[in-house]
Each structure stands twice: as structure tokens, then as C-alpha cells.
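Observations on chain architecture
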Amino acid sequence: MHDFSISRQIASEVIKRANEKKASQVLEIKLKIGELTHLNPEQISFWLKELFKDTLAEQANIKIEKVPVSLQCKKCSYQGKIEIEEKFYYPPLLNFIFCPHCKSEKIKIKSGDECLLERIKIKR
Amino acid sequence: MRIIKAGEGEILDIELEEDFLKKNRQFAKKNKSLLEQNNVRAIDVMGSIGSGKTSLIQLLTSILREKFRIAVIAGDLTTDIDAKRIEQEKVQVVQINTGKECHLDANLVKKALLSLALERIDVIFIENVGNLICPADFPLGAHQRLVVISVTEGPWMVVKHPYIFKDAHVVAINKVDLAEAMQVSPQKLIEDIAKINPRIKAFPVSCRQNKGIMQVIEALSL
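First, a word on scope: everything that follows refers to the structure included in this document. (Residues numbered from 1 in each chain as written. Chains lettered and ligands numbered in written order. Predicted model: local features only at pLDDT ≥ 70, side-chain atom pairs only at ≥ 80, totals over all residues. Heavy atoms only, no water.)

1. A look at the overall build of chain A
Using the following cut-off: Here a strand is any run of E in DSSP of at least two residues, a helix any run of H or I of at least four, and the numbering for each starts at the N terminus. Relative accessible area decides the class of each residue, using a 1.4 Å probe on protein chains only: under 20% of the type maximum gives buried, over 50% gives exposed, and in between gives partly exposed. By the convention used here, residues are in contact when the closest approach between their heavy atoms is within 4.5 Å. Here, Shrake-Rupley sampling with a 1.4 Å probe gives the accessible areas, and only protein chains in the shown set may cover a residue.
Scanning chain A from N- to C-terminus turns up two helices and six strands. Helices and strands appear in chain A in the N-to-C order α-β-α-β-β-β-β-β. With 124 residues in all, chain A has 45% of them scored as buried. In chain A, the proportion of contacts linking residues at least 24 apart, taken out of those at least 6 apart, comes to 76%. Summing over all exposed atoms, chain A offers an accessible surface of approximately 6,900 Å²; the carbon and sulfur share of this is 47%.

2. Quick word on the packing of aromatic side chains
Applicable threshold: Ring pairs are drawn from Phe, Tyr and Trp, using the six-membered ring of Trp, whenever the two centres fall within 6.5 Å, and their geometry is named by plane angle: stacked under 30 degrees, edge-to-face over 60, tilted for the rest. Placement of a charge over a ring requires the Lys NZ or Arg CZ to be within 6 Å of the ring centre, with the centre-to-atom vector within 35 degrees of the ring normal.
According to the stated counting rule, one finds two aromatic pairs over all chains in the structure shown. Their ring planes at 70 degrees and their centres at 5.2 Å tell us that A:F46 and A:W47 sit as a pair that is edge-to-face. Taking relative accessible area as the criterion, A:F46 reaches 45% and is therefore assigned partly exposed. In this structure an aromatic cluster arises from ring pairing among A:F4, A:F46 and A:W47. Here the guanidinium or amino end of B:K30 rests over the ring plane of B:F27, the centre of that ring lying 5.5 Å away.

3. Let's talk about the environment of A:V67
Residues and elements named next belong to chain A. Mapped onto the fold, V67 is located in strand β2 (residues 61–67). In this structure, the C-alpha to C-alpha distance between V67 and E42, residues 25 residues apart in sequence, is 14 Å. Sequence-distant contacts of V67, that is, excluding residues within four places in its chain, are made with K32, I33, G34, E35, S111, G112 and E114.

4. Let's talk about the environment of A:A57
All names here are of chain A. Examined against the element boundaries, A57 turns out to sit in the loop between α2 (41–51) and β2. By relative accessible area, A57 is classed as buried at 0%. Considering only alpha carbons, one finds A57 and A18, 39 residues apart in sequence, at a separation of 8.7 Å.

5. Here's the deal with the interface of chain A and chain B
What counts, and what does not: Buried surface area refers to the total accessible area, computed with a probe of radius 1.4 Å, that the two partners give up upon joining, counted for both partners together. Each reported salt bridge corresponds to a side-chain nitrogen of Lys or Arg within 4 Å of a carboxyl oxygen of Asp or Glu. When residue character is reported, Ala, Val, Leu, Ile, Met, Phe, Trp, Tyr, Cys and Pro are called nonpolar, Asp, Glu, Lys and Arg charged, and the others, Gly included, polar. A pair of strands is labelled paired if DSSP reports no fewer than 2 bridges between them.
Each partner contributes residues to the interface: chain A has 34 residues there, and chain B has 35 residues. Summed over both sides, the interface between chain A and chain B buries roughly 3,500 Å², with carbon and sulfur atoms accounting for 60% of that surface. Counting across the chain A and chain B interface gives five salt bridges. In this structure, A:R119 and B:E15 form a salt bridge, with 3.7 Å as the shortest nitrogen-oxygen distance. Those elements giving two or more residues to the side of chain A that touches chain B turn out to be α1 (3–20) and β6 (115–123) of chain A. Take the side of chain A that touches chain B: its biggest share by element is nine residues, from β6(A). When grouped by side-chain class, the residues that make up the side of chain A that touches chain B number 16 nonpolar, six polar and twelve charged. Both β6(A) and strand β1 (residues 11–19) of chain B contribute to a ladder of seven bridges, which runs antiparallel.

Written as C-alpha cells, this is what we have:
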């Protein structure tokens, strides 16, 4: 639902950065979207194409990488990915994110909750 | 000195590493420390349109204002209808109009917090925009999240909208006085919620009949 407002922020950041670098054209933008967010890469891509119309990013190739969830356990120091099992009632939701090693709930999400504009490729 | 100038047609790869959701989380963190510096407890109140968020806040305020100095931040796309309703309780109110946004974000809440006399407040209720999906992605810096749902939203309300319960602490199932007419079981809704997040405390409530309000207050440790 907020894919549009996030896309608008991304688009204006891309145009701003491209202008700062005196670009004549944006060739490519690379995004990373975590599996824990409620953002849909397909929708983000659709909105970006709409928002880039009549701008220097109109022809940009939009690349979106989905990022799996990884965590760090504060109890046993486990660090790594967690498997999203079928048995989870709501797979992408993980309301019960716990350490796969010691089952502790005291964890820190390392990746999977991001919406990252990683890089842009521009032409001067 | 050799000066290398970029020529026309040159291609540059620029690393940005700009996280759009993280920005909101950083603002939320700042809000939380601003609240804590002033010893203020904040509660983010979420739920769908017409579930009874404002009614519940009004009731909570009318009871709790004997004990705490209360303020309310009311979020809506447009209008100040909710803020005017809360004003009747004689507490500080700020209305945020989000325009076209489907959720409150931490930056808007920061502006609202800065407009309040925080040193003279103990508890703030932040009424989010009526929406069951988007607010889940945008923490505001509140200490607790209270979700208000109602039996008039039908028997599948919880299973269809799991996201909003992800980070919630307390759920009020409102309008239980209409449960029979709606043929919706509040107990079934409580069971559905427990499947999504077993740590949530959920209670049947009727704002109209003033029932279950004290349980919500207790669950929020107020």
C-alpha cells in the first residue's frame, strides 16, 4: 500500500543524486528489499517506471534484489540466516523470530528489513 | 598536477546505500529518547477505519486523566474531527494530517511531539491513520502498540490482516455488544490473534457500554 510513497522517495533521491553528479541519463538503479518488509518489488518497479517518465531516469534499468532474513542472537551469538519454514502460519511475517540455534527471542535483525537504494549508474 | 576530468558520455557507478525504511526507524529511535528524556510513555493506537480508536482513546483519557497528564496526537488524512472529539476531555491534542499518506511516520510524529509541552505530560496516545497494513512498517517510537478491532469487521478480520498484530502488545476487540447481531465470536478472534502472536493480551471491549476498558488499562500497565 505504501509502495507508492516509498517509490516516490526513491525516485526523488535518484534524480537528486543524478543531478548532483551532472548526469545526462540514469542507466541503472539497484535496490535491495528485505523479505520482512511489506514492500512488493513488482509494485515498486511499476511505480518507479511511472515516476521516472519524462525524467533523465526514464530509460533506467531497475534491478531489485530480494534480501533474505538473517539475525544475530544476543544469547548464544549465533549469526546467520533463518529458514522460513512452511509450518509458519504466515511465512513472511515471522512474528516469532527466534534463534534457530538456542531458540532465544533476544535477537537482532541483521538483514531482511531493508529498503535500500544501493547504487545508481549514470551517464554524464 | 594531473587533473582528470570526466568527459561527456562517461559512465559512473555511484554507491548510495540509502535505506528508506531505516530512516524512519532512526527517527523513531530519536522520538523514543525524546519521550524518555521527558519521562513520557507513548502508546501507538492502530486499527481500521471505524473500529473505535478515537472512542477508546476518549474513554481511556477520561479515566486516566485523574492519574496522569495526558496528551493525544490524532492522525488522519484530512479533517480535525478526531482532535475535536478528544478536546472535549480537556487534554492537549495535536492533529496530524498526512494528506495522501496511508500511515503516520516517525518524522511527522517528531514534529507533533515538539509542538507539545512534553515536560508537562506523562502519557501520550498516538492515534494512527485507520489502516491495517502500512503502520506495521513504520514504527513511531512509542513504547507500546495498541490495536483496536471490532466485531463489525467480520469473523475473518484477524486472519486476513495478520501484519498489524506483529508488533502489537494489547488488542481491544470493540463493539462486543453487537457480537450476537453480527454472529461473530470475540473468543474466536482472541484465538486467531494468539495464533499470530501469542504474547498479545487481547480483551473484549464495548466502548459504547463502557465495558472492558479497565482490562485494557491494566494490560497497558497504566
